[in-house]
Amino acid sequence: MNKNYLLAVLCGFSVLAVITVNANQPVATVESCGGLLPAGHVFEFDIVGTIDTTGAETDFQARIGLSENSGQNAELGDAIGPFVECVSAVLK
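Predicted model only: the values in this text are computed from it and were never measured.

Cut-offs and rules
Residues numbered from 1 in each chain as written. Predicted model: local features only at pLDDT ≥ 70, side-chain atom pairs only at ≥ 80, totals over all residues. Heavy atoms only, no water. Helix = DSSP H or I, 4+ residues; strand = E, 2+ residues; numbered from the N terminus. Contact = heavy atoms within 4.5 Å. Areas by Shrake-Rupley, 256 points an atom, 1.4 Å probe, with all protein chains shown as cover. Salt bridge = Lys/Arg side-chain N within 4 Å of Asp/Glu carboxyl O. pLDDT = per-residue confidence, 0-100. Core = buried A, V, L, I, M, F, W, Y, C linked by side-chain atoms within 4.5 Å. Buried < 20%, exposed > 50% of the residue type's maximum accessible area, 1.4 Å probe, protein only. Arc of directions from axis to C-beta.

Moving on, we come to the overall build of the protein chain. When you go through the protein chain residue by residue, the secondary structure sums to three helices and two strands. Listed N to C, the secondary structure of the protein chain is α-α-β-β-α in terms of helices and strands. Considering only contacts within the protein chain whose residues lie at least 6 apart along the sequence, 54% involve residues at least 24 apart. Within the structure as shown, the protein chain displays about 7,200 Å² of accessible surface, and the carbon and sulfur contribution to it stands at 59%.

Structural data, given as structure tokens:
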């Protein structure tokens, strides 16, 4: 068998495997990230950001604000981390 043909077939299988793995991962949304918040609370959130296109590269900055209306924000600090990480990934 021709070495170039074999190499092309193997590369094709590698690319197909990567595409299949990426296609099977669900796309996160802010709503789906909400499922990572602790149950039994009502949260309010805001996302404020800027996109600066005046330079050679686009600069994106965002701030995620999250509060819990019962005043238990301090006790929930570690529990909201996964939500913040998830939303940060959605924004990028």
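In total, this model carries one salt bridge according to the counting rule given. Note that Arg63 and Asp46 form a salt bridge whose closest N and O atoms lie 3.5 Å from each other. Placement of the pair is Arg63 in strand S2 (residues 59-68) and Asp46 in strand S1 (residues 43-52), with a sequence separation of 17 residues.

With 67% of its residues at a pLDDT of 70 or more, the protein chain shows a mean pLDDT of 77. Below pLDDT 50 for its whole length, residues 2-22 participates in one contact with residues either more than four positions away or in separate chains.

What follows covers the nonpolar core. Proteins that are soluble and globular tend to have nonpolar side chains buried together. With eight residues, the main nonpolar core is built from Cys33, Leu37, Phe43, Leu76, Ile80, Phe83, Cys86 and Val87. Looking at this core element by element, the count peaks at three residues for helix H3 (residues 81-91). Excluding residues within four positions of it along the chain, Val87 makes contact with Cys33, Ile47 and Ile64.

A few words on H3. Within H3, burial applies to Phe83, Cys86 and Val87. Down the axis of H3, the smallest arc covering the buried residues is 95°, so these residues share one side. In H3, the exposed residues that point more than 90 degrees away from the buried face are Glu85 and Ala89. Contacts made by the buried residues of H3 are with helix H2 (30-33), S1 and S2.

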